[in-house]
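# Overview (structure and organization)
Each chain, letter by letter, is given below.
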Amino acid sequence: MAKVLMKGNEAIGAAAINAGCRYFFGYPITPQNELPEYMSRELPKVGGVFVQAESEVAAINMVYGAAGSGVRVMTSSSSPGIALKQEGISYIAGAELPAVIVNIVRGGPGLGSIQPSQSDYNQSTRGGGDGDYHLLVYAPANIQEMVDLLQDAFDKADYYRNPVMVMGDGMIGQMMEPVEFKERPEVDLPAKDWAATGTEGKRAPNVINSLFLKPEELEDHNIRLTEKYDIMKNNEQRWETYNMEKPEIICVAYGTTARIVKSAIDTLKGEGIEIGLIRPITVWPFPEKAFVELPESAKMFLSVEMSMGQMIDDIKIVNQGRLPVEFYGRSGGMIPSPDGVVGKIRALLGGAK
Amino acid sequence: MNKGEIMLNDRRIRIIIGHYGSGKTEFSVNYALKLAEMGFKVALSDLDIVNPYFRSREKAAFLEGKGIRVISSSLGHNFSLDLPAISSEIVGPIQDPDSQVILDVGGNSVGAKVLAKFYEEIIDKEYDMLCVVNTNRAETQTVEGIMYHVRAIEAVSQLKVTGLINNTHLLRETTLETVLEAQEIIKEASQKLSIPIKYISTIESVAKMLPEGLEGEIFPITMYMRDVWM
């Protein structure tokens, strides 16, 4: 299929429908409004249902209900709206249901701003809701990758029976890029024999629930969930590396920030300064496998973020004390510039301050 | 005629409309810069009350440095709240016969609604309303899609579209074929609507390759709204 030019938010909608999503429940918030707008227009054309709920809390609980019946369902919001959905997300994880949650991140804390940010790193990787659970979290860096990961998100959600988050900063939602919707092979997924679809009197009812009244049962449930998360940690790490042959500094950046860093790396390469990049594509699980073997030339890590250093902890965990971890970031809706990153790297290398 | 002089045939008030993401803002910014280079007194009014990002006001400092007056929200250029707070200053250049005015309007008929507010100011003056078309956008891929958008925008603004702009692109992936294939579709829409194609706007590298004899003045543009890393 030929490439079309799409705004990120529209492309997410188109990719979700392509992936078989037929149910969307949401509540408007900038900078992701084009997505529910797209779904409200397009879902009825394919026999789907769009509901603008009365709140984010209502929307995520509608997702919970729909997911319990085994259909492909999605919701989307932006940072403070995702914060409101955390209770429902925890319930969905607890009840082991597949659902896709899109977060187009804006500046925080609180109402913050409508400008792009990456300050929901902790919210999405640490579990904003209660209990021992995790989300698989994808952080695409461009719209094509966003489209491709959306399909994966639905497949992985079904495979693991766990909510999957796709997290893009506001820029990814608002920017335009050429995209192609590729034909993909069908993924072999287990039958949804757990779904609450009516027994017709032929079997015992399936129960969708996250409440366990006996402590030993809840502990068993948590042990089972943790085993599942360990499998996800082992099998689902994704990352990209860039210019990692003999870097003096290894930058770590995800989403659009990684593109800004690449631009800075190219500039410095022109001057004979070698800087590398590890770009997490999954931020949970964090791609620790990318950090096992490090080039001997590397003197330090530099975390570059559109937040105040939320990813530093994860880098320190996988670094295991080998190299210093430095930080450069902008926040509040300010976007790091390639020149800003170059300046920070020069300062770290002892050049012009 | 030198490149750009065709712009002098356009009427003093240029209203730039089109589908979301058609490239209205990039065209408006390039157009304003060219007029300013020719020594005109230019006002660029950002009337986009739909999009929160990638609006011409983001380049206000740069444009003001080139002598262009930029008008946007009454709350300031960098006030990032999606409130339809348009500065009443917009009326000034519209009334000033010495000002060349570019109104950069938000996308679709939704974005064009704001024009109704200024209808009384515009209707008795010389204006051109130019519709920017990118046939790589889903809703304006066909002749029917383009016609629907032109009519919807005319209906809400109560103003007439006087020219089409073939601004079909895939950003840095734009090729000669991208523009030429679109030209055929837009030409058919132009004939059915009885609205001429006024410009073919495209990046310099493609503009150089365009053959002669196409309808519409070739208008090479620079991507000011897109940062180098994008």
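One structure accompanies this document, and this report is about it. (Residues numbered from 1 in each chain as written. Chains lettered and ligands numbered in written order. Predicted model: local features only at pLDDT ≥ 70, side-chain atom pairs only at ≥ 80, totals over all residues.)

## With respect to the interface of chain A and chain B
Taken together, the contact pairs 20 residues of chain A with 18 residues of chain B. At the level of secondary structure, the elements contributing two or more residues to the side of chain A that touches chain B comprise strand 1 (4-7), helix 7 (170-174), strand 8 (176-179) and helix 9 (255-269) of chain A. Its residues assigned to classes, the side of chain A that touches chain B comprises nine nonpolar, seven polar and four charged. (Contact = placed C-beta atoms within 7 Å. Helix = DSSP H or I, 4+ residues; strand = E, 2+ residues; numbered from the N terminus. Nonpolar A, V, L, I, M, F, W, Y, C, P; charged D, E, K, R; others polar.)

## Section: the environment of A:Val63
Residue and element names in this part refer to chain A. Following the sequence through the fold, Val-63 ends up in helix 3 (residues 56-68). Linking Val-63 and Val-100, residues 37 residues apart in sequence, is a C-alpha distance of 9.0 Å. Ignoring any residue separated from it by four or fewer positions in sequence, one finds Val-63 in contact with Phe-25, Val-73, Thr-75, Gly-88, Ile-92 and Ala-99.

## Remarks on the sheet that holds strand 3 (residues 69-71) of chain B
Residues and elements named next belong to chain B. With parallel pairing, the eight strands of this open sheet are ordered in space as 3-2-4-1-5-6-7-8. A single partner strand is all that each edge strand has here, and the edge strands are strand 3 and strand 8 (217-221). Strand-to-strand twist of the sheet, defined as the mean angle between neighbouring strand axes without regard to direction, takes the value 25°. Here strand 1 (residues 13-18) runs beside strand 4 (residues 99-105); their pairing, made up of four bridges, is parallel. Looking at strand 4, one finds that Arg-14 is bridged to Ile-102. Strands strand 1, strand 2 (41-47), strand 4, strand 5 (127-133), strand 6 (163-166), strand 7 (197-203) and strand 8 of the sheet are contacted by helix 1 (residues 24-37), whose axis makes an angle of about 170° with strand 4. (Pairing = 2+ DSSP bridges. Axes fitted to C-alpha atoms, helices over the stretch in contact; angles between N-to-C directions.)

## Thoughts on the packing of helix 3 of chain A against helix 4 (residues 79-94) of chain A
Residues and elements named next belong to chain A. Put simply, helix 3 and helix 4 touch, their axes get as near as 8 Å, and they point 25° apart. Comparing the axis directions of helix 3 and helix 4 gives the class roughly parallel. Like other packed secondary-structure pairs, helix 3 and helix 4 cross with a definite hand, here right-handed. Taking contact as the criterion, the partners of Glu-56, Val-57, Ile-60, Asn-61, Val-63, Tyr-64 and Ala-67 in helix 3 are, on helix 4, Gly-81, Leu-84, Lys-85, Gly-88, Ile-89, Tyr-91 and Ile-92. The residue inventory of the contact of helix 3 with helix 4, partitioned by class, reads nine nonpolar, three polar and two charged. (Parallel < 35°, antiparallel > 145°, perpendicular 65-115°, else oblique. Left-handed = near helix turned anticlockwise from the far one by under 90°.)

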